[in-house]
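# Breakdown of the fold
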Amino acid sequence: MNAVAPRRVEVVNFGCRLNLVEGEAMRRVAGVAGDLTVVNTCAVTGEAVRQARQAIRRLKREAPQRDIVVTGCAAHIRPELFAAMPEVAKVLGNAEKLDPTAFATGRRVEVGDIFARPYAWPAGGEIEGRTRAFLAVQNGCDHRCTFCIIPYGRGASRSMPPKEILAAVETCVEKGAKEIVLTGVDLTAYGRDFGGGPKLGGLVKAILRAAPTLPRLRLSSIDCIETDAEFVEAMQNEPRLMPHLHLSLQSGDDMILKRMKRRHSRADAIRFCAALRRVRPDIVFGADLIAGFPTETDKMFENTLALVEECALTHLHVFAFSARPGTPAANMPQLAPHVIATRARRLRQAGEVSLARHLTRQVGRTLTLLTEQGDTARAGDFTKVRLRDVSPGRLVTARIVGQDGKMLVGCRETV
Ligand code: SF4
């Protein structure tokens with residue numbers, strides 16, 4: 001959750017980078033309805049929904065005179081949950097939130113059919129106070145993983161036309177962006193809805209060709225089984241494509257992957273990581289993993305734990321399974337909460353061990369870093385570095401002199 005200083009339109013974002021980009025776009029359109037606070041919710045876990053409701057109550061207590069508009073996936077999927085809150089002035093759906101007229105209607109709930117309504121692409125780009133620019137190039141999802149509620153909030157998969165993306169990239173570069181992050185719901189589905197147009201690999205190449213002065217291009221989460229051959233080529237031959245991929249793996253057990261309705265097997269994941277490492281030896285993988293999916297046995301969980309080593313995953317996002325009402329997994333036999341919690345803890349510990357090993361290997365190296373707020377910076381492989389006294393948004397060279405188990409410690413190289 002990111003809160004900004006109160007202003008005409010205050011936006012509080014939960015969840016993914018796509019929500020972040022849309023949050024910025026809403027700041028530009030919502031002002032038609034006066035001084036208000038927009039709470040842009042996430043529906044991925046029950047905890048995310050609980051935190052949003054808690055934030056709404058706090059924000060109203062802190063500024064009773066400001067209207068609160070709630071939007072985002074949780075509001076789109078369960079509008080009644082937020083409409084029932086006295087603190088809430090309006091509930092908007094995920095398509096309506098980018099339409100200035102929807103903010104000004106007298107109706108309290110404006111949530112349309114996300115599968116029917118065309119999507120207005122948020123003018124992406126430089127995120128205020130942030131070092132990198134996020135571009136939403138894909139939205140929605142055509143898959144139906146059994147634990148996931150997102151397609152019901154985001155609709156069918158659709159891609160931003162390449163011409164519009166290249167224009168947005170040009171704007172970002174003109175504004176001085178050092179790094180652009182391509183984001184979406186199912187990014188690797190990019191271009192499927194164009195029929196013959198470019199897929200993700202082709203798009204990456206087109207962006208780097210069109211923006212020769214852009215130092216860094218990064219991808220948000222991808223599905224390893226959906227990547228195209230051009231994507232692997234780009235990772236091999238384009239040094240400005242950052243050597244960091246966050247994989248939506250979810251489990252390391254084939255039976256659980258089947259019950260999740262995922263499209264890859266454990267062997268596919270291992271093969272993908274090995275193949276990318278062959279063409280780009282400095283690549284680093286992060287992954288989303290779910291602990292405690294219904295019917296997961298100890299043996300099945302051990303397979304997920306072992307995957308951390310077998311793919312040498314360093315940046316883990318571990319989710320303790322949370323049944324989402326309306327999904328098939330919510331109707332499967334659930335594990336006991338303490339079992340889920342224990343497995344999530346063990347997975348996080350495995351991730352910490354793997355990260356510490358990666359950090360140790362970096363000590364003594366000289367790296368190019370992109371500086372951020374708060375005396376930190378990021379290496380190309382997204383590893384965080386403590387680097388003192390350098391203003392944000394700069395590309396600098398630094399020698400890695402140590403690590404604290406969570407991040408590296410860098411010392412600025414003076415040219
Ligand atoms: S690919 Fe699966 S997990 Fe990802 S958004 Fe689609 S349904 Fe959800």
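Per chain, the residues get numbers from 1 upward, laid out in the order the sequence is written. Totals for whole chains, interfaces and linings use all residues, but because this is a predicted model, local features are given only for residues with pLDDT of at least 70 and pairs of side-chain atoms are given and counted only at 80 or more. Hydrogen atoms and water are omitted, and side-chain values are computed over all heavy atoms in the structure.

## Side note on the domain arrangement of the protein chain
These domain limits were set by an automatic method or by a database of domain assignments. Looking at the protein chain, the domain boundaries give domain 1 (9-110), domain 2 (123-242), domain 3 (244-362) and domain 4 (366-412). In this structure, domain 2 and domain 4 have C-alpha centres spaced 25 Å apart. Here's the idea: put two parts together, see how much 1.4 Å probe accessible area each one loses, and the total over both is what we call buried area. With both chains or domains summed, domain 2 and domain 4 bury close to 860 Å², and 54% of this area falls on carbon and sulfur atoms. What counts as a salt bridge is simple: a side-chain nitrogen of Lys or Arg found within 4 Å of a carboxyl oxygen of Asp or Glu. Inspection of the region where domain 2 meets domain 4 yields one salt bridge. Its salt-bridge partner being Arg132, residue Glu372 comes within 2.8 Å of it at the nearest N-O pair. Here a polar contact is recorded for every N or O atom pair within 3.5 Å, except that within protein the pair must consist of a potential hydrogen donor and a potential acceptor, and residues adjacent in sequence are included only if both atoms are side-chain atoms. Summed over the shared surface of domain 2 and domain 4, the number is five residue pairs in polar contact (both at pLDDT 80 or more). Taken together, the residues that form the side of domain 2 that touches domain 4 break down as two nonpolar, two polar and five charged. Each residue receives one of three labels: charged for Asp, Glu, Lys and Arg, nonpolar for Ala, Val, Leu, Ile, Met, Phe, Trp, Tyr, Cys and Pro, and polar for the others, Gly being one of them.

## A word on unusual backbone geometry
Phi is positive for Ala312, which is not a glycine, with a value near 45 degrees. Put simply, DSSP marks the helices as runs of H or I at least four residues long and the strands as runs of E at least two long, and each gets a number from the N terminus on. Turning to its location among the elements, Ala312 is positioned in the loop between helix 12 (298-310) and strand 14 (313-320). In this model, Asp389 sits at a positive phi of 60 degrees, which is unusual for a non-glycine residue. Along the polypeptide, Asp389 turns up in the loop between strand 17 (384-386) and strand 18 (395-403).

## A word on the pairing of strand 10 (residues 179-183)
Successive side chains on a regular strand alternate, one facing one side of the sheet and the next facing the other. Among the five residues of strand 10, five are classified as buried, and the element is accordingly described as predominantly covered. Neither face of strand 10 is left uncovered, since the one carrying Glu179, Val181 and Thr183 and the one carrying Ile180 and Leu182 both have all their residues buried. Here a strand pair is declared whenever DSSP counts at least two bridges between the two strands. Two elements, strand 7 (residues 133-136) and strand 10, share four bridges in a ladder whose sense is parallel. Counted as the bridge partner of Phe134 is Val181 from strand 10. In this sheet, strand 11 (residues 216-219) lies alongside strand 10 in parallel orientation, the contact comprising four bridges. Opposite Ile180, over in strand 11, you have Leu217 as the bridge partner. With helix 8 (residues 200-210) bridging strand 10 and the parallel strand 11, this β-α-β connection has right-handed handedness. When accessible area is computed with a 1.4 Å probe and restricted to protein chains, residues below 20% of their type maximum are described as buried, those above 50% as exposed, and intermediate ones as partly exposed. The path from the first strand over the helix to the second decides the hand: if it runs clockwise while the strands point away from the viewer, the crossover is right-handed.

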